[in-house]
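Next come the chains, spelled out residue by residue.
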Amino acid sequence: MADKQAPLNGAYYGPAIPPPTKHYHRPGRGSGCDCFCCLFTLLAKIIVSIVFILGLAALIIWLIFRPINKVKFHVTDVSLTEFNLTANNNLNYKLAVNITIRNPNKKIGVYYDRIDARVYFDDVRLKSVPLTPFYQGHKTTSVLNPVFEGQQLLLGGAITDYNAEKNSGVYSIDVKLRLKVRFRLGKLKTPKFKPTIKCELKVPLTSSGSRLAGGFETTKCDVDF
């Protein structure tokens, strides 16, 4: 009879059993989002939405106002009754100007919220005159009548140019308009634009109601937005 095998006392001599897998939680790598992350995401969405809305609004305004016809500015008449240089090189001047503004558009009106008229001789600003703001309707013509009067010291090349033009009695004078304008289509109004209107004039001196050097020719002004 074979010998009996000794008891194993609960021991196991089969293949090794791998240890149970441990799960570690790494901070900040979870699927959730902390307060800062959520706030940043919300702000990013808001900014993207605002940019999209502003871009869409700009596109709509551009599509509406794209066929706009340019507003035209002309100087139709001038009166230069005084333009004398004193012994102290002070220029005494008096100039009246008629400026017509033509809005050729059928559906677009123009708000002139600020009008600053300035007069120059040889790039020397003589005077600035504020004019009354107004609204210009569709297909209408408006007239501005700024008057410039005063005294201004001339130096250097300005004196030379004055003496050269005095012989002919016709002076190179620039009139500029600095504007703040808005366009209106129905109830829709654009933001303000700040164009500059420049009118380069050849102005004859006027004496006792007659011009000493012939008539003044209507002059178209340049518009710079």
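A few points on the structure. (Residues numbered from 1 in each chain as written. Predicted model: local features only at pLDDT ≥ 70, side-chain atom pairs only at ≥ 80, totals over all residues. Heavy atoms only, no water.)

**So, the overall build of the protein**
Okay, so step 1: Of the regular secondary structure elements, the protein holds two helices and 14 strands.
Okay, so step 2: Across the protein, the fraction of contacts at a sequence separation of at least 24, relative to all contacts at a separation of at least 6, is 72%.
Okay, so step 3: For the protein, the exposed area adds up to about 15500 Å²; of that, 57% sits on carbon and sulfur atoms. (Helix = DSSP H or I, 4+ residues; strand = E, 2+ residues; numbered from the N terminus. Contact = heavy atoms within 4.5 Å. Areas by Shrake-Rupley, 256 points an atom, 1.4 Å probe, with all protein chains shown as cover.)

**Looking at the pattern of salt bridges**
Okay, so step 1: Counted according to the given criterion, the structure contains three salt bridges.
Okay, so step 2: A salt bridge links Asp-116 to Arg-118, with the shortest nitrogen-to-oxygen separation between them at 2.9 Å.
Okay, so step 3: Take Asp-116: its relative accessible area is 12%, and that puts it in the buried class.
Okay, so step 4: Arg-118 sits in the buried class, given a relative accessible area of 17%. (Salt bridge = Lys/Arg side-chain N within 4 Å of Asp/Glu carboxyl O. Buried < 20%, exposed > 50% of the residue type's maximum accessible area, 1.4 Å probe, protein only.)

**Some points on the side chain of Asp-116**
Okay, so step 1: Structurally, Asp-116 is set in strand β3 (residues 108-121).
Okay, so step 2: In this structure Asp-116 touches Ser-128, Val-129, Pro-130, Lys-176, Leu-177 and Arg-178, once residues within four positions along its chain are discounted.

**With respect to the packing of aromatic side chains**
Okay, so step 1: On inspection of all chains with the given rule, the structure shows nine aromatic pairs.
Okay, so step 2: Residues Phe-83 and Phe-121 carry aromatic rings whose centres are separated by 5.4 Å and whose planes lie at 80° to one another, so their mutual orientation is edge-to-face. One end of the pair, Phe-83, is in strand β1 (residues 72-85); the other, Phe-121, is in strand β3, with 38 residues separating them in the sequence.
Okay, so step 3: In this structure Phe-83 comes out as buried when scored by relative accessible area, which is 2%. (Phe/Tyr/Trp six-rings, centres within 6.5 Å; stacked < 30°, edge-to-face > 60°.)

**So, helix α2 (residues 157-166)**
Okay, so step 1: For α2, the set of buried residues is Ala-158, Ile-159, Tyr-162 and Glu-165. Within α2, the buried residues cover an arc of 135° as seen down the axis, which keeps them to one side. Every exposed residue of α2 that faces more than 90 degrees away from the buried side is listed here: Thr-160 and Ala-164.
Okay, so step 2: Next to the buried residues of α2 lie β1, β2 (90-103), β3, β4 (124-131) and β8 (170-185). (Arc of directions from axis to C-beta.)

**Concerning empty space enclosed by the protein**
Okay, so step 1: Within this structure, the stated rule accounts for one cavity of 30 Å³ or more.
Okay, so step 2: Counted as a void, the largest cavity has a volume near 30 Å³.
Okay, so step 3: Together, Leu-80, Phe-83, Tyr-93, Leu-95, Val-119, Leu-126, Phe-148 and Ile-173 line the largest cavity.
Okay, so step 4: Sorting the residues of the lining of the largest cavity by element identifies β1 and β2 as the ones contributing at least two each.
Okay, so step 5: Looking at the lining of the largest cavity, its residues break down into eight nonpolar, no polar and no charged. (1 Å grid on protein atoms, 1.4 Å probe; cavity = no way out; pocket = protein on both sides within 12 Å on 5 of 7 lines; lining within 4 Å. Points joined across faces, edges and corners; volume = space filled by probe spheres on them. Nonpolar A, V, L, I, M, F, W, Y, C, P; charged D, E, K, R; others polar.)

**Some words on a positive patch on the surface**
Okay, so step 1: Together, Arg-114, Arg-125, Arg-178, Lys-192 and Lys-194 make up a region of like positive charge exposed at the surface.
Okay, so step 2: On the secondary structure map, Arg-114 appears in strand β3. (Patch = residues over 30% accessible without salt bridge, like charges linked within 9 Å, V, L, I, M, F, W, Y side chains within 5 Å. Lys, Arg positive; Asp, Glu negative; His and termini not counted. Charge placed at Lys NZ, Arg CZ, Asp CG, Glu CD.)

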